[in-house]
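Observations on chain architecture
So you can see what is in the structure, the chains are spelled out below.
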Amino acid sequence: MTPRADRPPYRGDIDGLRAVAIGVVVLFHAGVPWFSGGFVGVDVFFVISGFLITSLMLVEVDSTGRFSLGSFVARRVRRLLPMAVLVLAATVAAGAVLVAPLARDRLFGDARAALLYFANWRFAGQSTAYTDTDVTDSLLLHYWSLSVEEQFYVVWPVLFAIVVALTTRYAPHRRRGAILAVLTVGVVVSFGASASSTAAAGYYWTHLRLWQMGAGALVAFAMSPKSSLSVSLPRRWSAVAAATGLAVIVAAALLVDESTRWPGTWALVPTMGTVLIIVSGGRGSTVHDALGSRLPVAIGRNSYGWYLWHWPAIGIAILWNRRGGGPLDENLVKALAAAGSLALAVVTRRLVEDPVRHARGLASRRASLTLGGAAMVLPLLTLGVVAGSVDTGGDTVVRVVDAGDIRADGGDGPGPPRAADAAAATAGPIPQRPDGPFAMTPRDAADDRDACGHLDWSGDEPQWCELGDPDGSVVVAVIGDSHALNWQQALAGIARARSWRLISSTKSACAPYIGLPPQWNSGLREPYRDCAAWARNVMDDLAEIEPDLVVFTHISFHAVGLLDEQGREVDDADPASADLWSAASRATYERLLDVAGDVVVILDTPRSVSVDPDGTRHDVDVPECLSANLADPSACSFAVTPLAGLDRIIDAAASTSGLAVIDGADIVCPGGRCAAVTAAGIVTYKDVHHLTDTYSAWLAPDLAVAIDEALVAAPPR
C-alpha cells in the first residue's frame, strides 16, 4: 500500500508492540503473579505516542513548510476524546450504583479530573501509590496516563509550532536542527528530574514522564528520511535490535515490582526496549513477523479501548461480586472482566471510535474542535447535576439498632480494677466515659482524627504533643506509628482523671525500634532513613525526660521492609526478617525499661476485613460501609482475624522481663467481634485500621483497667 503524503508509512509491528504493552498492563491489573512489573506497558505506550505524533508533525512540515497546531488538536480530539468520554460516563453510571455512597464524592472528583485531563495531578496530590492502590479505590485511576499524554500533546506541539514559526526563513536542515535542539534539552532535563526524584507521587508527575515521550520523538527525528541523522539498520542488526528490545520489555514486566522506584533510571529499560524495536525499522525478522501478524495487530488496534475499559471493568466486577457476598473467586472475576473488557473495546471501536474518527462531517478543524468542547463541557455539566442529586450517604446519622454484635456500653464505666491495691506509680481514678449518646455520620467518622504530635513520612525530629495535666508529677509518654494514635484520646482521658502529664510522638509507618538494618519504604520507593533517625531521636528524648510510664504500640504488619547488605529488600516472610524484627523488639523494650519506670506494649488493634466464601480477604473501609448500610450497621461489623506479624511481637514481649502487655483487640472488640457502631452511637473506625478519636476517648475506662492490671501482672525484672 502506498502511504499518503501527509503521514508516515504504516508499520504493523508497532501495532503488535501496542498489543504487548496492553497485554502486560492487563495481566498486571488482573493479578497474574508473574507480571509484577506489568505497569511498564504504560512506558511503552508513552514512547510509541511520542514517536507517532512527532513523525506526523515532521511529515507535515516537510511537505508543506508549515505546522498547523489547530489541525493537530482536531485530529487528537477525533481520535481520543469520544472513547474516553464514553468509558468515563459508563464508569460513573455504574460506580454511582455500586461504590459505597461515602466514596461517590471521590468518584465524581476523579471523573472531573479525568475529563479535564489533570487526573495525574489529582492522584499525585493524594500521594496515591499506583502499585499499592486497589482497583476498587478509584475506578478511574488509569486515566492518569491519558492526562500525561494529553499534557504532552499540548506542550510539545506548541513548542514545535513556535520553533517552526520562528524558523520559516531557515533552510530545512537548520529548522530541523533548531527543533531537535529544543527537544533534546527537554528530554535531558526531564530525565534528570526523573532520575533524581524520590517522591512516591512522582509516578504521576508530568515533568518526570515527558522524557519517555521525548525519547520516541527523538527516534522520529532519527528515522525521518529527510533527517541528516537518518538511521537505517542493516537487516541483520534490525533483527537483533527487535529481538533485544522485545526481550528487554518482557523481562521488565516479569522482574520489576512495586519496590522499584518508578519512574527513574530503571524506567530506561522498557523505554530503550521500545526504542530498539522502533529503530529496527519493522523489516522482516522473526520478531517483526510475529508482532506484525494478524492477532497482535488486531489487539494493538484495539489497545486504546482495551486500556480504557479494562480497569473499571475489573473494579466494577469486583464490587458487584462483593455486593453479592463474594460467590465467585475474585481471581476468576478479574479474569472474566479483563476478557470482557477486550470485547467491549472491539465493539465500541467499531461503533464509536472509528465512525467519529473518520466522519466526513467532522473532517474540518472547526467541527472537530466544536465536538471536543461539547464532549468536555456537556459531561461536566451532567456530572455536576448527578453529583448534586446522588446521595453520598456521608451526612446521615448512623442508625443504632439492638443487635447482638453491637457493644452494649454503659455510661458509668467499669468498676475498679481487680488489682486496685497494686502499688503502681501511675495508678489512680478510673476516668468516666464522655457524655452520650452520640449522633455520628459516616463523614464524621472518616474525619474524626486529631493527629497531635504526628509526623508523616518526611521529617525526623519528634514533635511532642502535650495532653492531660501540664503540671502533673507523673509523666507518661506514648510512642509508635499511626496506630499509637488509636489510643491517644483514651490515654488523654486517663491523664486528665489521674493528673498525668501525657506526651505523645508518633510517625507514619515507623515504630522507634533500635538495632534494625536499613528499612525500605514501599510507599516512598526509597530507604526509610527518616524513620531510623526519628527513632534514635525519640529514644534520646526519652532518656532525658525519664518518664514514669511509656506506652508503645504500632501496626503489626510492617509497611516497611528490611534491606540486606546489598541493598535488596528482604521478604517479610523470610525467617531471617522475623529474627531481625524480634531481636530489635527485645532490644527496644530493654532500652525503654532502662529509661522509664514502666513500659506497656499494646498489641495491635484488629483490621477491618471481609472474608469471601472462597477465602479471599479484602479490606473494608468502615465509614464507607456504613454509608451503604445506614439502617443496619451490624452489616459492617467484623470478626477479629489473625494479624500478620503479631506473633513476633508477642514472642519478643514474652521474653522481656518487666514488660506489661495488653491485647488491644480485647478492648476494641470484646468477645472477638468488632462493632462498626456502638450502642451509644459511636462509629468505631475512621477507615480500615484506625479508630475514631471519639471511640478512643470512650475506651479510656477500659484502657485504664487494662494498664493497671497489666502492670501488676508484668513479670519482675
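Use the structure listed above.
This report concerns the structure included in the present document. This is a predicted model, so every value here is computed, not measured. (Residues numbered from 1 in each chain as written. Predicted model: local features only at pLDDT ≥ 70, side-chain atom pairs only at ≥ 80, totals over all residues. Heavy atoms only, no water.)

Our next topic: the environment of Val478. Counting through the fold element by element, Val478 comes out in strand 3 (residues 474–480). Judged by relative accessible area, Val478 falls into the buried class, the value being 1%. Distance from Val478 to Gln488, taken between C-alpha atoms, is 7.5 Å for residues 10 residues apart in sequence. Excluding its chain neighbours within four sequence positions, the residues that come into contact with Val478 are Trp464, Ala484, Leu491, Ile503, Ser504, Ser505 and Val551. (Helix = DSSP H or I, 4+ residues; strand = E, 2+ residues; numbered from the N terminus. Buried < 20%, exposed > 50% of the residue type's maximum accessible area, 1.4 Å probe, protein only. Contact = heavy atoms within 4.5 Å.)

What follows covers the pattern of salt bridges. Any two side chains of opposite charge can pair if their charged atoms end up close together. Throughout the structure, instances matching the rule amount to 19 salt bridges. Ionic pairing is found between Asp15 and Arg18, a salt bridge with its closest N-O pair at 2.7 Å. A residue pair is termed a helical-turn pair when its members lie 3 or 4 positions apart in one helix, as Asp15 and Arg18 do in helix 1 (residues 12–29) at 3 residues. Each member of the pair, Asp15 together with Arg18, is buried. (Salt bridge = Lys/Arg side-chain N within 4 Å of Asp/Glu carboxyl O.)

The next point concerns the state of the cysteines. Enumeration according to the criterion identifies 4 disulfides in this entry. A disulfide bridge connects Cys452 with Cys465, and the sulfur atoms are separated by 1.7 Å. Its S-S torsion of about 95 degrees marks the bond between Cys452 and Cys465 as right-handed, since a negative value means left-handed. In this pair, Cys452 sits in the loop between helix 16 (442–446) and strand 1 (454–455) while Cys465 sits in strand 2 (residues 465–468), placing the two residues 13 residues apart along the sequence. (Disulfide = S-S within 2.5 Å.)

Attention now goes to helix 18 (residues 529–545). The end-to-end C-alpha separation of helix 18 is 25 Å, in line with the 24 Å expected for 17 residues at 1.5 Å each. Looking at helix 18, one finds that the buried residues are Cys531, Ala533, Trp534, Ala535, Val538, Met539 and Leu542. Immediately beyond the C-terminal end of helix 18, within one or two residues, lies Glu546, with a positive phi of roughly 50 degrees. (Expected span 1.5 Å × (residues − 1).)

What follows concerns a nonpolar patch on the surface. Where nonpolar side chains cluster on the molecular surface, the patch consists of Leu69, Val73, Val154, Val155, Val158, Leu159, Ile162, Leu166, Val182 and Leu369 and spans about 760 Å² of accessible area. Looking at the nonpolar patch, the elements that each hand over two or more residues are helix 3 (69–98) and helix 6 (143–166). For the nonpolar patch, the element with the highest residue contribution is helix 6, accounting for 6 residues. As for its position among the elements, Leu69 is in helix 3. Look at Leu69 and you get partly exposed, because its relative accessible area is 31%. (Patch = residues over 30% accessible without salt bridge, like charges linked within 9 Å, V, L, I, M, F, W, Y side chains within 5 Å. Areas by Shrake-Rupley, 256 points an atom, 1.4 Å probe, with all protein chains shown as cover.)

Moving on: the pairing of strand 3. Taking burial as the measure, the 7 residues of strand 3 include 7 buried ones, the bulk of the element. Where the polypeptide runs from strand 3 across helix 17 (residues 488–498) and back to strand 4 (residues 500–507), its parallel neighbour, the crossover connection is right-handed. Sheet topology note: the strand 3/strand 7 (residues 549–553) ladder contains 5 bridges and is parallel. Of the residues in strand 7, the one forming a bridge with Val478 is Val551. (Right-handed = clockwise from strand over helix to strand, strands pointing away. Pairing = 2+ DSSP bridges.)

Here the focus is the environment of Leu703. Its location among the elements puts Leu703 in helix 24 (residues 700–713). Counting along the chain gives 101 residues from Leu703 to Ile602, while the straight-line C-alpha distance between them is 9.9 Å. Apart from residues no more than four positions distant in its own chain, Leu703 is found in contact with Trp487, Ala490, Leu491, Ile494, Ile602, Ile662 and Ile667.

Another aspect to go through is helix 8 (residues 210–223). In a regular helix each residue adds 1.5 Å, so 14 residues correspond to 20 Å; helix 8 covers 20 Å between its end C-alpha atoms and thus fits that length. Of all 14 residues that make up helix 8, 11 are buried, and the element is covered over most of its length. Residues Trp211, Gln212, Met213, Gly214, Ala215, Gly216, Ala217, Val219, Ala220, Phe221 and Ala222 constitute the buried set of helix 8.

On to the nonpolar core, then. Within the largest apolar cluster, 102 residues are counted, with the highest numbers of intra-cluster contacts made by Phe67, Leu88, Tyr143, Trp144, Leu146, Trp156 and Phe160. Not counting chain neighbours up to four residues away, the residues in contact with Phe67 comprise Met57, Glu60, Val61, Phe72, Pro157, Phe160, Ala161 and Val164. If you look at the next biggest cluster of nonpolar residues, it comprises 52 residues, including Ala445, Ile602, Cys625 and Ile682. (Core = buried A, V, L, I, M, F, W, Y, C linked by side-chain atoms within 4.5 Å.)

Now for the environment of Ala596. Note on placement: Ala596 falls in the loop between helix 19 (575–595) and strand 10 (598–603). When its relative accessible area of 7% is taken as the criterion, Ala596 is described as buried. Along the chain, Ala596 and Glu546 lie 50 residues apart, while their C-alpha atoms are 5.4 Å from each other. Beyond its immediate sequence surroundings of up to four residues, Ala596 is in contact with Pro547, Asp548, Val550 and Arg717.

For the rest of this paragraph, the subject is the packing of helix 17 against helix 24. Contact geometry for helix 17 and helix 24: axes closest at 8 Å, N-to-C directions at 75 degrees. If you check the angle between helix 17 and helix 24, you find them roughly perpendicular. Touching Ala490, Leu491, Gly493, Ile494 and Arg498 of helix 17 are Ala700, Leu703, Ala704, Ile707 and Asp708, all from helix 24. (Axes fitted to C-alpha atoms, helices over the stretch in contact; angles between N-to-C directions. Parallel < 35°, antiparallel > 145°, perpendicular 65-115°, else oblique.)

On to the packing of helix 1 against helix 12 (residues 294–301). Describing two packed helices takes the angle between their axes plus the distance from one axis to the other. One way to put it is that helix 1 packs onto helix 12 with a least axis distance of 7 Å and a crossing angle of 70 degrees. Between helix 1 and helix 12, the crossing angle belongs to the class labelled roughly perpendicular. Along the contact surface, helix 1 presents Gly12, Asp15, Gly16, Arg18, Ala19 and Ile22, while helix 12 presents Pro296, Val297, Ile299, Gly300 and Arg301. Of the residues assigned to the contact of helix 1 with helix 12, the class counts are 5 nonpolar, 3 polar and 3 charged. (Nonpolar A, V, L, I, M, F, W, Y, C, P; charged D, E, K, R; others polar.)

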